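# Survey of secondary and tertiary structure
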Amino acid sequence: MILSTFKKENQGFMRSGRIRIALLTVLLLIAVAFWISSKHYEATNRMYDSAKTSERANWDGQGEKNPHSAAHYGTYAFKPKYPLSLIDQGVDKYVGSSIFLEAHARHEAQFSEAADQTGLARFGNLSPDFILLFIMPLLIILLGYNSFTKEHEMGTITLLRSEGASFYKLALGKWLSLFFPILVITSLLFLGAGLVLSQLPDYGVFQWSALGDLYGVYLVYYIIFTNLVLFISAKSKRSGVSLVLSLSLWILSCLALPKAASNVAGHLHPYPTRQEFAAEVLKDKENGLDGHNPWNKKAQTLQAEVLAEYGVDSLHQLPFNFDAYRMQKSEEHEAEIYYKHYDKLKEQYRKQAEVYDGLAMVSPYLATRFLSMSLAHTDYATHWGFADAAEQYRVATQAFLNGNFAENSKYGEWGYRADADFWKELPPFEYDPPELSTIVSQNQRKLWVMALWCIGSFALLLFTTKKL
Amino acid sequence: MIITDNLTKKYGGHLALDRLNLQVKEGEIYCLLGANGAGKTTTINLLLGFLEPSSGSAFINQVNVKENAQATKKFLAYIPENLMLYPSLTALENLDYFSGIAGKKLGQDELRNYLSEAGLQEEAFGRRISTYSKGMRQKVGIAIALAKHAKVLLLDEPTSGLDPQASHEFGRLLRQLSNLGVATLMATHDLFRAKEVATKIGIMKNGQLKREFYANEISLAELEETYLGLMQPKAAAL
């Protein structure tokens, strides 16, 4: 009976003009979104390649120059678009793709796509993640809202009951028939994405296993929606009621709760404003070592300590350039200040993430959204990882420059110039996003929430209704 | 095949069926006559297991309906007043599906044979049910009963709204099933059709079986007279 029902329902789907139009519309939307996204992915990564090469050429071609001038001349750390961002663009659009690295200051990522767009960007883009997260559940609703109610409305329920049809078998047959088109569409999308990504130049590490995991996350999301839509249909007396209830579930789960979650998380664990953050950093800096100010109290202490350590009376007698040494110490001190304050931000982020995890118990959308972004390397955690790697690279670059300055000149010798070839010795910036295993272990709670939703919604569908 | 033993159904204070005792044997067609609200449909719903009796028992092929309604389903077929099938499916597809529910996996030739036996024209087999008349749908219902080899057929006003020719054709099909040994219980208002097809006729009023006789023992005129006499309010009869 399960397979008969599956076959019968699919025959009904294929013969319904309403459903054929819906399926074709979704397929068309997916094709367009996918095409736009792949073009965008290619264009962004071409820009990334070009900017990275040109910026490195600028750095390498500085000619003879004082290393501290080079430190202020600075360089950039660029974030590539990772392969799975083709499917989920996550927060990439809003967080910036490059960080300016210079002496004394840690900068935020800049040049976000959203900043380059007009106010119309508020309407969002037609992207595969939009289709996957919002449109596909709507399609499930459209296909399934009257799965059971139509049996009452057409009167076929009487014949089904008289024939002794089992609710479980009927429900499983309907479940399969509702899930089948969703499975086909999702599989086509992911297979297409995999084939495209495996053909494109390798800007990041593309793994079929990561794509498979992302595919699995979305399938579980659709299983949950399929269960809930069928449950509502089984419990409703009329199709209209079922449609309204299913749409309400979609609005709450996919639109209202995520926005409410953002408000709640921001309210409970607010980030400082940019001004407050800058003021706190500045306060700590003022109380610390100033590399450019020899009369600074901490600088005086450092000077006294170094003179004592080397057993000399004058900075000129030191075997290195104390100005460069002091600047390096100042960099190290300032880096600590930045780590401290950014760690506070990250702690707020972690607490906000806990709020989202909690609310994911009410909305499967939240868990899916965050898992999807994590697997696609387009979440905040990956961005933090990139920003931290850029900061470590900045600190290492300053040590590299100050080291050259200190070792190759004497105190007060501000006219020192490093060789034109020296800059090439600086290793390029590299950042590897988290491995799949790390992502899975970092998102265990969300995976559990998804599993609970999946099992719970199945139980709701199959065990709360015994009779037709 | 069908036995009711003091079968009673109450809705709150209202007695819808009052200690009904009837028996339909193999190959018999039992027509239940009565006005609206007499208890005919309640009887059928109790036999189908759609309702639970307040007291008494119903048996289909010796299986107690209340105790094991699911087990009785494999023996019986039901055709309501308006048999509703899946409108976007063809007759063949509907028959295939409902036979599947009954656990029968039939080939296309078998399905076609059953539809033919039920009197459906071959050109209609592949047409969607949405284009069918009520009479044609009833024939698909008969085909479903034939396909599952039902031993018991329950019919609730099956000829209501059918034109005389379709109604006559339906009667012919019932007799055909009867010859195959199917026990049929048919609730109807149609005295003429009841007289034409029934083996036994029962007349119900206010949930009670008032009269019961073999169809060949009574003429249509006597049946009509008896029926109308029973339907008269007591005061008027006086």
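Cut-offs used in this document
Residues numbered from 1 in each chain as written. Chains lettered and ligands numbered in written order. Predicted model: local features only at pLDDT ≥ 70, side-chain atom pairs only at ≥ 80, totals over all residues. Heavy atoms only, no water. Helix = DSSP H or I, 4+ residues; strand = E, 2+ residues; numbered from the N terminus. Rg over C-alpha atoms; globule rule 2.2 N^0.38 Å. Buried < 20%, exposed > 50% of the residue type's maximum accessible area, 1.4 Å probe, protein only. Contact = heavy atoms within 4.5 Å. Areas by Shrake-Rupley, 256 points an atom, 1.4 Å probe, with all protein chains shown as cover. Salt bridge = Lys/Arg side-chain N within 4 Å of Asp/Glu carboxyl O. Polar contact = N/O pair within 3.5 Å; in protein donor to acceptor, adjacent residues only side chain to side chain. Nonpolar A, V, L, I, M, F, W, Y, C, P; charged D, E, K, R; others polar. Patch = residues over 30% accessible without salt bridge, like charges linked within 9 Å, V, L, I, M, F, W, Y side chains within 5 Å. Phe/Tyr/Trp six-rings, centres within 6.5 Å; stacked < 30°, edge-to-face > 60°. Lys NZ or Arg CZ within 6 Å of the ring centre and 35° of its normal. UniProt positions renumbered as here; feature names shortened; annotations may be inferred. Pairing = 2+ DSSP bridges. Axes fitted to C-alpha atoms, helices over the stretch in contact; angles between N-to-C directions.

### Observations regarding the overall build of chain A
Within chain A, the secondary structure is distributed over 18 helices and three strands. The C-alpha atoms of chain A give a radius of gyration of 29 Å, which is well past the 23 Å a tight globule of 468 residues would have. Along the first, second and third principal axes, the C-alpha atoms of chain A reach 105 × 45 × 40 Å. Per-residue burial over chain A gives 52% buried out of 468 residues. Relative to all contacts within chain A whose residues are 6 or more apart in sequence, the contacts with residues 24 or more apart total 82%. A total accessible area of about 21,600 Å² is found for chain A, and carbon and sulfur atoms account for 61% of it.

### Observations regarding the interface of chain A and chain B
Chain A puts 21 residues into the contact, and the matching count from chain B is 25 residues. In this structure, the connection of chain A to chain B is made through three salt bridges. Here Lys7(A) ties to Asp96(B) by a salt bridge, and the two come within 3.3 Å at their closest N and O atoms. Applying the counting rule to chain A against chain B returns 10 residue pairs in polar contact (both at pLDDT 80 or more). Grouping the amino acids of the side of chain A that touches chain B by side-chain chemistry returns six nonpolar, nine polar and six charged.

### Description of a nonpolar patch on the surface
Residues and elements named next belong to chain A. Taken together, the side chains of Leu24, Leu27, Phe180, Val184 and Leu188 present a nonpolar region at the surface, about 450 Å² in accessible area. Counting residues per element, the ones that place at least two in the nonpolar patch are α2 (17-60) and α9 (167-199). Per-element tally for the nonpolar patch: the top contributor is α9, with three residues. For Leu188, the location among the structural elements is in helix α9.

### Description of the packing of aromatic side chains
As enumerated under the stated definition, the model contains 35 aromatic pairs over all chains in all. Each ring, one from Phe422(A) and one from Trp423(A), has its centre 5.1 Å from the other, and the planes form 65°; the classification is edge-to-face. The pair formed by Phe422(A) and Trp423(A) is uniform in burial state, with each residue classed as buried. Consider the rings of Tyr86(B) and Tyr97(B), whose centres lie 5.6 Å apart with planes at 70°: the pair is edge-to-face. Pair noted here: Tyr86(B) is in the loop between β6 (76-79) and α3 (91-101) and Tyr97(B) is in helix α3, with a separation of 11 residues, a long-range link. Side by side, Tyr86(B) and Tyr97(B) carry an identical accessibility label, which is buried. Among the aromatic side chains, those forming a connected cluster through ring pairs are Phe190(A), Tyr215(A), Tyr218(A), Tyr221(A), Tyr222(A) and Phe225(A). Taking the ring centre of Phe50(B) as reference, the NZ or CZ of Arg161(A) above it sits at 4.3 Å. A cation sits over an aromatic face here: Lys174(A) above Phe148(A), 5.5 Å from the ring centre.

### Things to note about the UniProt feature "domain: ABC transporter" (unreviewed entry) in chain B
Under the feature "domain: ABC transporter" (unreviewed entry), the UniProt entry names residues 2-231 of chain B. For the annotated span residues 2-231 of chain B, helix accounts for 36% and strand for 27% of the residues, and the straight-line distance between the end C-alpha atoms is 26 Å.

### Brief notes about the sheet that holds strand β2 (residues 98-102) of chain A
Two pairing modes exist for strands in a sheet, parallel and antiparallel, and in both the strands are linked by backbone hydrogen bonds. Residues and elements named next belong to chain A. An order of β1-β2-β3 is seen for the three strands of this open sheet, with the pairing classed as antiparallel. Unpaired on one side and paired on the other, β1 (75-78) and β3 (105-110) mark the two borders of the sheet. Averaged over all neighbouring strand pairs, the angle between strand axes comes to 25°, with direction disregarded.

### Re the pattern of salt bridges
Going through the model one piece at a time under the given rule, you end up with 29 salt bridges over all chains. Members of the salt-bridge network, linked through shared partners, are Lys8(A), Glu9(A), Lys150(A), Glu151(A) and Lys174(A).

### Looking at the side chain of Thr188(B)
Residue and element names in this part refer to chain B. Take Thr188: it is sitting in strand β8 (residues 183-188). Of the polar contacts made by the side chain of Thr188, one reaches the backbone nitrogen of Asp190; its length is 2.9 Å. The residues contacting Thr188, other than those within four sequence positions of it, are Cys31, Leu32, Leu33, Gly34, Lys40, Glu157, Thr159 and Ala194.

### Structural notes on the UniProt feature "transmembrane region" (unreviewed entry) in chain A
Residue and element names in this part refer to chain A. As recorded in UniProt, the sites labelled "transmembrane region" (unreviewed entry) are residues 21-38, 130-148, 175-195, 215-234 and 447-465. Secondary structure across residues 21-38 comprises 100% helix and 0% strand; the distance between its end C-alpha atoms is 25 Å. Between the C-alpha atoms that bound residues 215-234 the distance is 28 Å, and the span itself is 100% helix and 0% strand.

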